[in-house]
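Here is what each chain is made of, one letter per residue.
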Amino acid sequence: MKMDFHTHGKLAKKLPFSEVYTNWLFAEAKRAGLDAICLTEHFNTLGFDRIYGHIKNSCDREGDTFVADGLRIFPGMETDIAEGGHILSIGPAEAILELNRRLEPHKEKGSFLSFAQLLALFREYPVLVGAGHPFRGMEEGTGNITRLPDSLLTGFDFVDLNGKDLAEDAEKTIERTKEFGRKLGKPVVTGSDTHQAFQYGCVHTDFSADFCTFSRLKEEMDAGAYTIHIEATLPFQVRTASVLKKALKQIHSLGGDYVQVLVSE
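Caption draft 1: Inspection of the overall build of the protein at higher detail. Of regular secondary structure, the protein possesses 10 helices and 11 strands. Radius of gyration (C-alpha) of the protein: 17 Å, near the 18 Å computed for a compact globule of 265 residues. Each principal axis of the C-alpha distribution contributes one length, and for the protein these read about 55 × 40 × 40 Å. Counting all 265 residues of the protein, 56% fall into the buried class.

Caption draft 2: Representation of the nonpolar core within the structure. Counting residues in each nonpolar core, the largest one holds 65 residues, and the members touching the most others are I87 and F156. Not counting residues up to four positions away in its chain, the partners in contact with F156 are I87, F115, V129, G130, A131, I145, L184 and K186.

Caption draft 3: Expanded view of the state of the cysteines. By the definition in use, this model includes zero disulfides. C212 takes part in no disulfide bond, and the closest cysteine sulfur to it belongs to C38, at a distance of 13 Å. Residue classification places C212 among the partly exposed residues on the basis of a relative accessible area of 24%.

Caption draft 4: Highlighting the pattern of salt bridges. Using the criterion set out here, one finds 14 salt bridges in the structure. Its salt-bridge partner being R31, residue E28 comes within 3.3 Å of it at the nearest N-O pair. Of this pair, E28 and R31 both sit in helix α1 (residues 19-31), three residues apart, which is roughly one turn of the helix. Residue K107 is joined to E104 by a salt bridge in which the shortest nitrogen-to-oxygen separation is 2.9 Å. Residue K107 is classed as buried on the basis of its relative accessible area of 12%. Residues participating in the shared-partner salt-bridge network are E62, R72 and D210.

Caption draft 5: Fine view of the packing of aromatic side chains. The tally for this structure, following the rule as stated, stands at 12 aromatic pairs. Judged by centre distance (5.9 Å) and plane angle (50 degrees), the ring pair of F5 and F158 falls under tilted. Here F158 lies in strand β8 (residues 158-162) and F5 lies in strand β1 (residues 2-7), a separation of 153 residues in the sequence. Take F158: its relative accessible area is 1%, and that puts it in the buried class. Among the aromatic residues, ring-to-ring pairing joins F5, F74, F158, F207, F211, F214 and Y226 into one connected group.

Caption draft 6: Main features of unusual backbone geometry. Despite not being glycine, H133 has its phi angle at roughly 25 degrees, a positive value. Secondary-structure assignment places H133 in the loop between β7 (128-132) and α5 (150-153). The backbone phi angle of D193 is positive, close to 65 degrees, even though this residue is not glycine. Residue placement: D193 occurs in the loop between β9 (188-191) and β10 (203-207). Its relative accessible area of 3% is what places D193 among the buried residues.

Caption draft 7: Summary view of the pairing of strand β6 (residues 86-90). In terms of burial, β6 is largely enclosed, as five of its five residues are buried. Of the two faces of β6, the one holding H86, L88 and I90 and the one holding I87 and S89 are both buried throughout. Inspection of the sheet shows strand β5 (residues 71-80) paired to β6 by five bridges, in the antiparallel sense. Considered in β6, the bridge of G76 is made with I90. Counting the residues in the hairpin turn of β5 and β6 gives five residues, including G84, whose phi is positive at 105 degrees. Relative to β7, β6 is paired through five bridges, and the arrangement is antiparallel. Each bridged residue has a counterpart across the sheet, and for L88 the counterpart in β7 is G130.

What counts and what doesn't
Residues numbered from 1 in each chain as written. Predicted model: local features only at pLDDT ≥ 70, side-chain atom pairs only at ≥ 80, totals over all residues. Heavy atoms only, no water. Helix = DSSP H or I, 4+ residues; strand = E, 2+ residues; numbered from the N terminus. Rg over C-alpha atoms; globule rule 2.2 N^0.38 Å. Buried < 20%, exposed > 50% of the residue type's maximum accessible area, 1.4 Å probe, protein only. Core = buried A, V, L, I, M, F, W, Y, C linked by side-chain atoms within 4.5 Å. Contact = heavy atoms within 4.5 Å. Disulfide = S-S within 2.5 Å. Salt bridge = Lys/Arg side-chain N within 4 Å of Asp/Glu carboxyl O. Phe/Tyr/Trp six-rings, centres within 6.5 Å; stacked < 30°, edge-to-face > 60°. Pairing = 2+ DSSP bridges.

Written out as structure tokens, the structure is:
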């Protein structure tokens, strides 16, 4: 099972949710050769609950996952913390949706929970917790995941080797992300961090087995029963996706229908 642990179902947080765009993304993920994704949408995106409502209504459910035309979707979320940084959580859709509702008072900058508070909340639910792109923004002081106390770092279940960061400096990103994983004794898996289709498949984590529960996913990760693949085309895919995102957002800002641009013949 070829899997991407960090993906988004919308073009941007402040844009309205579009069923057509999300369906297009899922179809393109499958076309890119992926078998499964973790949908780690931003916790404070516009219409978060609508995304999962659409998935629950339009996809078949298998175990903890949903299947959209052959693509297995593991529900999840990406949450900002007060210290600076993004925390991934993946788990059953009901847990993710309830967590998102409970985070409602903490969705604006200045009201983000600390990692200790967020971790305490996560521990009430059957979710796996990931360190999203743990070194991004570290030099600027906007990302401080690696500076969190060791007593809290043990709360992570996995570490994100992120496609966007690999595009900036692959060797450095691989070296320090894997070292961070070794320090924590936690598995390192890959996420493209895409909001649009061209980034799918630039990195993937391949499992020999196919499964549909988070308990099995954790077993496979903890056993190291996977291989990581970084495609030679990654820098081009990430750069192209960035240009596409800017262009589509500009179309929207000018009053155009960016979704129709993508899906029309």
